[in-house]
Structure formats: C-alpha cells, structure tokens
Amino acid sequence: PRTRFISQQPLTQLIQDEYTKRNKAPVAVHINDVLFALHAVAAISITLVQMALYRHSSNPRNSRSRSTSGSDSGKCGYLRTVVAVFVGVFVLAVCVLGGLVGLAPGLLALTMLDVLYLLSAAKLAITIFKYLPQVHENYRRQSTQGWNIWNVLLDLGGGTLSIAQLLLDCVRNKEWAPLTGNPVKLLLGNISIFFDVVFVLQHYCLYP
C-alpha cells in the first residue's frame, strides 16, 4: 500500500492535481520516498522467498526453536492470520473502490487521492501489528537475548530523518502542507519512533 501511495503521486497527473487542489501546494513526494518504498518491496520479497525455502529446513536449531515456542506460537499464528485476513479484505475493498472511482468518477464521493489515503491506512495498521509481537515476546521472556538491536537503531534513525524531512519541507515552502498533505509519512515516522524507543528501553534498561 505504501509503495502504491508514494509511487502514484508523482507519476499520475490526475492525483497531482487533486493533491494540489486540496492542499494548495505541490506534491511533497521526493525520489528518496519512492526508492524507500521500492527497497521495502525488494527486501520483503527476499524475506518471503527465504521463508518458503527454509520453512521445512532440517537444521537442528530450527527444530529447537519450534519446540520451545510452545502454545504461544499457536496464539500468535492465529492472531497473524486474523490480521492478515482483515488487511487483505480491506486492501481488496479499497482496490474495488479505486476501480469504481476510475471507471465512474461521479458514482462515489471519492477521488483517487482518497483511495490512496485509504490504502495508506492499511500500511499504518500493518506497521502497528508488525511491532507488537516483538514487544510482547520481549516482555514474555523478560529478555532480549538473541535479538538484534541494530535494525531497531537504524529504524529509529530513519523515522527521525523522515519527520525531519517533512519539517524541512514546511520551512522551505513556508506552509504546513507537507505535513497535513502527507499524514501517512508523519504517522509512520512517529509510530516507528515510538516502538523503537520501547525496544531500546527493553534492550538497554528493562532486560539488559
């Protein structure tokens, strides 16, 4: 959803016009936003391939990991399934709305920009549920041993720089449109920073 939201803004004149009309400012999407989204797609694709390749691995460490997960793995698996189904249905519904808006513009009181904002809401939900299982697992184990903190530190830096970019755009344009017109990026940055701070506290303070 985030990739579609970001990539469609600078490439589609219709959406650019809708954004400019609504926010009284040009689209505040930069090339680094597009590259970040494409990088995320590539990284997730590689991870999914690895999951498929190593799912039935005979590695003893994998066996021990599965055996120590206990009943929590079943609960987490059920929760992941529910979240995946909910997000999938939501994205499908938004895609159908997008098709209706594109084929019959006057049928619904929505624009293509609204459809992209709805898709971005799915990304926000995915981001929240992405962090929650690890927060709970660290709390359950009362430890972060065996868990790499470096990805969190990099994510914290990325979220901070993302919000800084929005603020710099506001200063450069002398208006708040980059913030109000791109709420997804603002919320994603703040959500990432919040959970990253939680992880840092767990790793360095609560369960050192």
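Residues numbered from 1 in each chain as written. Predicted model: local features only at pLDDT ≥ 70, side-chain atom pairs only at ≥ 80, totals over all residues. Heavy atoms only, no water.

1. Topic: the side chain of Thr144
Position of Thr144 among the secondary structure elements: in the loop between α6 (112-141) and α7 (150-173). A distance of 2.8 Å separates polar atoms of two side chains, one belonging to Thr144 and the other to His203. (Helix = DSSP H or I, 4+ residues; strand = E, 2+ residues; numbered from the N terminus. Polar contact = N/O pair within 3.5 Å; in protein donor to acceptor, adjacent residues only side chain to side chain.)

2. Thoughts on the packing of aromatic side chains
Using the criterion set out here, one finds four aromatic pairs in the structure. With 5.3 Å between their ring centres and 80° between their planes, Phe194 and Phe195 make a pair best called edge-to-face. Exposure remark for Phe195: the relative accessible area of 10% places this residue in the buried category. By the ring-pair criterion, three or more aromatic residues cluster together here, those being Tyr131, Trp147, Phe194, Phe195 and Phe199. (Phe/Tyr/Trp six-rings, centres within 6.5 Å; stacked < 30°, edge-to-face > 60°. Buried < 20%, exposed > 50% of the residue type's maximum accessible area, 1.4 Å probe, protein only.)

3. Focus: the packing of helix α2 (residues 13-23) against α6
Interhelical geometry of α2 versus α6 gives an angle of 90° and a closest axis separation of 8 Å. With respect to α6, the element α2 is oriented roughly perpendicular. Taking contact as the criterion, the partners of Leu14, Ile15, Glu18, Tyr19, Arg22 and Asn23 in α2 are, on α6, Met112, Leu113, Asp114, Leu116 and Tyr117. Class assignment of the residues belonging to the contact of α2 with α6 gives a composition of seven nonpolar, one polar and three charged. (Axes fitted to C-alpha atoms, helices over the stretch in contact; angles between N-to-C directions. Parallel < 35°, antiparallel > 145°, perpendicular 65-115°, else oblique. Contact = heavy atoms within 4.5 Å. Nonpolar A, V, L, I, M, F, W, Y, C, P; charged D, E, K, R; others polar.)

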